[in-house]
Amino acid sequence: MATMKSVQTAGVGKVEVVDAERPVPGPKDALVRIRACGICGTDVTFVHMGGMPARSHLGGDLVPVRLGHEPAGEVLEVGAEVTGLKAGDRVVVNPQDAPTGIIGCGGRYGGMSEYLLIENAEVGRSVAVFPDSMPFDVASLNEPMAVARHCVNRSGARPEDRVVVFGAGPIGLGAAIWLKLRGVEHVVVADVIPSRLEKALAVGADAVINSAEEDVTARLTELHGRAANALGQPRPGTDIFIDAAGAAAVFNTVVGAAKWGAKLVMVAVQKKGSDIDLGGMLRSELTLIASQGYPTEIFEVTPELVEHQDRFAKLISQRVPSSEIDRAFELALTPGAAEKVVVTYDA
């Protein structure tokens, strides 16, 4: 039996590299040699938990999770019935299309492995091909950038809108890039880490706010002008607020700062519940929009990722070889130590 190395959870706060059976593609499948895989906040959550419940709806013992749902690689083998793919093609993957469960999120397979089986491989549904001109590490951003793109699509942002993005992690910065590529005139990014704010400016944000040191409402008023809520109380002229941070303080700040008819798009997983000032929402007629995943965007973003790859490459803070997987997760698990870690695999 041929084997491969695969990364999985190994108890609370730990990962391990295990020998797993190397998949054999059937007539409708493709086998991909992984060349890069990003570490996501979801991976970090699974590691913090130590796995996931064997019966998630009932609770129960934790079982290991094969990690990695942001892979990019090259096709090694294709089944006889697969069309549009050939050995050597460079591909990104739709982790949600796997019939045996979401790749890297409780499914049979994880993208942080030497090889990944693409079941029922179909171009445009389970995989997309990208050209040799884009490096694998940048290609591994395809999945999180689809999340960010869906958030921007949900916002309905127009060129004349004034937008602020809370959270300068990969999703927040990705949203800022998509907003600017969409033609939005003024995009602000708020965060508490100076290095992240510097990166926000580097990828195209028009202004930044250090929310640990500055009065966010006052600064937004300075940047976006003065408006009012439904009662005529002064508010910043910000049209759209995007929460890519998931902190209760963000939600409360937005409710307190929203003008009449503003929108709040929530793309971050909320880290802790908070009391919601429904009265404040009412006084602004604030529209709350939830953004989850990427119903259509997973491969819509791929050509633009290729076109603007130098801009998106700035999101990667560390590239760590798979032989140093413990260091990669140590970076990802340490608050403030990394922005986007990508694990790389030799050819």
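Located above this text is the structure these notes cover.
Residues numbered from 1 in each chain as written. Predicted model: local features only at pLDDT ≥ 70, side-chain atom pairs only at ≥ 80, totals over all residues. Heavy atoms only, no water.

(A) The overall build of the protein chain, seen in detail. A tally of regular secondary structure across the protein chain gives 11 helices and 19 strands. Compactness check: the protein chain gives a C-alpha radius of gyration of 21 Å against a globular reference of 20 Å for 347 residues, within 12% of the reference. Counting only C-alpha atoms, the protein chain reaches 70 × 45 × 30 Å along its principal axes. For the protein chain, the proportion of its 347 residues judged to be buried stands at 52%. Considering only contacts in the protein chain between residues 6 or more positions apart, those separated by 24 or more positions represent 66%. Accessible surface, the protein chain: about 14900 Å² in total, of which carbon and sulfur atoms supply 51%. On the protein chain, the mean spot of the 33 positive side-chain charges and the mean spot of the 43 negative ones are 3 Å from each other. (Helix = DSSP H or I, 4+ residues; strand = E, 2+ residues; numbered from the N terminus. Rg over C-alpha atoms; globule rule 2.2 N^0.38 Å. Buried < 20%, exposed > 50% of the residue type's maximum accessible area, 1.4 Å probe, protein only. Contact = heavy atoms within 4.5 Å. Areas by Shrake-Rupley, 256 points an atom, 1.4 Å probe, with all protein chains shown as cover. Lys, Arg positive; Asp, Glu negative; His and termini not counted. Charge placed at Lys NZ, Arg CZ, Asp CG, Glu CD.)

(B) Quick look at the nonpolar core. The biggest cluster of nonpolar side chains holds 50 residues, and the ones touching the most others in it are Phe-130, Leu-179, Val-189, Ile-242 and Phe-312. Ignoring any residue separated from it by four or fewer positions in sequence, one finds Leu-179 in contact with Val-152, Ala-157, Val-163, Val-165, Val-184, Val-187 and Ile-242. (Core = buried A, V, L, I, M, F, W, Y, C linked by side-chain atoms within 4.5 Å.)

(C) Broad picture of the packing of helix α3 (residues 142-155) against helix α4 (residues 170-181). Interhelical geometry of α3 versus α4 gives an angle of 55° and a closest axis separation of 8 Å. Relative to α4, α3 is oriented oblique. Pair α3 / α4 crosses with right-handed handedness. Along the contact surface, α3 presents Pro-144, Met-145, Val-147, Ala-148, Arg-149 and Val-152, while α4 presents Pro-170, Ile-171, Gly-174, Ala-175, Trp-178 and Leu-179. Looking at side-chain class alone, the contact of α3 with α4 contains 10 nonpolar, 1 polar and 1 charged residues. (Axes fitted to C-alpha atoms, helices over the stretch in contact; angles between N-to-C directions. Parallel < 35°, antiparallel > 145°, perpendicular 65-115°, else oblique. Left-handed = near helix turned anticlockwise from the far one by under 90°. Nonpolar A, V, L, I, M, F, W, Y, C, P; charged D, E, K, R; others polar.)

(D) Broad picture of empty space enclosed by the protein. For the coordinates displayed, the defined rule picks out 2 cavities of 30 Å³ or more. Lining the largest cavity are Val-93, Asn-94, Asp-97, Ala-98, Pro-99, Ile-103, Leu-117, Ile-118, Glu-119 and Ser-126. Residues of the lining of the largest cavity, tallied by class, amount to 6 nonpolar, 2 polar and 2 charged. Reported here for the second largest cavity is a volume of approximately 40 Å³. Along the walls of the second largest cavity sit His-69, Glu-70, Pro-71, Val-92, Val-93, Ala-139, Ser-140, Asn-142 and Glu-143, which together make up its complete lining. Residues belonging to the lining of the second largest cavity are distributed by class as follows: 4 nonpolar, 3 polar and 2 charged. (1 Å grid on protein atoms, 1.4 Å probe; cavity = no way out; pocket = protein on both sides within 12 Å on 5 of 7 lines; lining within 4 Å. Points joined across faces, edges and corners; volume = space filled by probe spheres on them.)

(E) The sheet that holds strand β12 (residues 207-210), seen in detail. The strand order across the open sheet formed by 6 strands is β12-β11-β10-β15-β16-β17, and the pairing between neighbours is parallel. Of all strands in the sheet, those bounded by a partner on one side alone are β12 and β17 (287-290). Pairwise comparison of adjacent strand axes, ignoring direction, gives a mean angle of 20° for this sheet. Pairing geometry for strand β16 (residues 263-266) and β17, over 4 bridges, is parallel. Opposite Leu-264, over in β17, you have Leu-288 as the bridge partner. The sheet strands contacting α4 are β10 (162-166), β11 (186-191) and β15 (240-243), and the helix crosses β11 at an angle near 175°. (Pairing = 2+ DSSP bridges.)

(F) Fine view of the pattern of salt bridges. Tallying each qualifying case throughout the model produces 20 salt bridges. Across the pair Arg-90 and Asp-132 runs a salt bridge, and its minimum N-O distance is 3.7 Å. Here the residue Arg-90 occupies a position in strand β7 (residues 90-93), and Asp-132 occupies one in the loop between β9 (127-130) and α2 (136-139), the gap between them amounting to 42 residues. Judged by its relative accessible area of 15%, Arg-90 is buried. Residue Glu-324 is joined to Arg-327 by a salt bridge in which the shortest nitrogen-to-oxygen separation is 2.7 Å. Relative accessible area serves as the criterion here: at 38%, Arg-327 is assigned to the partly exposed category. The structure contains a network of salt bridges with shared partners spanning Asp-97, Glu-122 and Arg-125. (Salt bridge = Lys/Arg side-chain N within 4 Å of Asp/Glu carboxyl O.)

(G) Representation of helix α1 (residues 41-49). Within the sequence span of α1, burial applies to Asp-43, Val-44, Phe-46 and Val-47. Looking down the long axis of α1, one finds its buried residues gathered within 160° of arc, a one-sided arrangement. Elements that come into contact with the buried residues of α1 comprise β1 (3-9), β2 (15-21), β3 (30-38), β4 (52-53) and α11 (325-333). Following α1 by one or two positions, Gly-50 adopts a phi angle in the positive range, close to 90°. (Arc of directions from axis to C-beta.)

(H) Examining the packing of aromatic side chains more closely. Across all of its chains, the model carries 2 aromatic pairs by this definition. Their ring planes at 80° and their centres at 5.9 Å tell us that Phe-130 and Phe-136 sit as a pair that is edge-to-face. Both residues of the pair, Phe-130 and Phe-136, count as buried. Centroid distance Trp-178 to Phe-312: 5.0 Å. Interplanar angle 50°. Geometry classified as tilted. Taken together, the positions of Trp-178 in helix α4 and Phe-312 in helix α10 (residues 309-313) put the pair 134 residues apart, joining distant regions of the chain. The same class applies to Trp-178 as to Phe-312, namely buried. The lysine or arginine in question, Arg-22, covers the ring of Tyr-115, its NZ or CZ lying 4.2 Å from the ring centre. (Phe/Tyr/Trp six-rings, centres within 6.5 Å; stacked < 30°, edge-to-face > 60°. Lys NZ or Arg CZ within 6 Å of the ring centre and 35° of its normal.)

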